[in-house]
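Geometric and topological summary
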Amino acid sequence: MAAREEMTRAITAGAEAGRRGDPPTACPHPRTSLLRAAWVKGYARARRELAAASSSTH
């Protein structure tokens, strides 16, 4: 199981990738990894926030 610190780093890295506009395939973790799930969680959250900010400015 991944340590809490590793999970936090994966969420943060995913969020940074999402804000940069990287594709979700940029995730460096294997499909079966809990770190992948954490990375995708951060990525998805950042993309939702960007979409919400974009739609509120139009």
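As a starting point, this report considers the structure included with it.

Here is what the cut-offs are and how they apply
Residues numbered from 1 in each chain as written. Predicted model: local features only at pLDDT ≥ 70, side-chain atom pairs only at ≥ 80, totals over all residues. Heavy atoms only, no water. Helix = DSSP H or I, 4+ residues; strand = E, 2+ residues; numbered from the N terminus. Expected span 1.5 Å × (residues − 1). Buried < 20%, exposed > 50% of the residue type's maximum accessible area, 1.4 Å probe, protein only. Arc of directions from axis to C-beta. Contact = heavy atoms within 4.5 Å. Polar contact = N/O pair within 3.5 Å; in protein donor to acceptor, adjacent residues only side chain to side chain. Salt bridge = Lys/Arg side-chain N within 4 Å of Asp/Glu carboxyl O. Lys, Arg positive; Asp, Glu negative; His and termini not counted.

Remarks on helix H1 (residues 4-20)
- Compared with the 24 Å implied by 1.5 Å per residue over 17 residues, the 24 Å span of H1 between its first and last C-alpha is a close match.
- Those residues of H1 that sit buried are Ala 10, Gly 14, Ala 15, Ala 17 and Gly 18. Each buried residue of H1 lies within a common arc of 160° when the element is viewed along its axis, so the set occupies one face. In H1, the exposed residues that point more than 90 degrees away from the buried face are Glu 5, Arg 9 and Arg 20.
- Buried-residue contacts for H1 involve helix H2 (34-56).

Quick look at the environment of Glu 6
- Within the secondary structure layout, Glu 6 lies in helix H1.
- Sequence separation between Glu 6 and Leu 34 is 28 residues; the distance between their C-alpha atoms is 9.8 Å.

Quick look at H2
- With 23 residues, H2 extends 33 Å between its outermost C-alpha atoms, agreeing within 8% with the 33 Å of an ideal straight helix rising 1.5 Å per residue.
- Looking at H2, one finds that the buried residues are Leu 35, Arg 36, Ala 38, Trp 39, Gly 42, Tyr 43 and Ala 46.
- For H2, the capping residue at the N-terminal end is Ser 33, with a side-chain oxygen 3.0 Å from the backbone nitrogen of Leu 35.

Comments concerning the environment of Pro 28
- Tracing the chain through its elements places Pro 28 in the loop between H1 and H2.
- For Pro 28, a relative accessible area of 60% puts it in the exposed group.
- Each C-alpha atom, one on Pro 28 and one on Ala 10, is 9.5 Å from the other, the two residues being 18 residues apart in sequence.

Description of the pattern of salt bridges
- Tallied over the full model, the rule gives 1 salt bridge.
- The salt bridge involving Arg 20 is made with Asp 22; its shortest N-O contact spans 2.6 Å.

Notes on the side chain of Arg 36
- Looking at where Arg 36 falls in the secondary structure, it is placed in helix H2.
- No salt bridge is formed by the buried Arg 36. Its closest oppositely charged neighbour is Asp 22, at 13 Å.
- Beyond its immediate chain neighbours, meaning those up to four positions away, Arg 36 contacts Cys 27, His 29, Pro 30 and Arg 31.

Geometry only, nothing functional implied.
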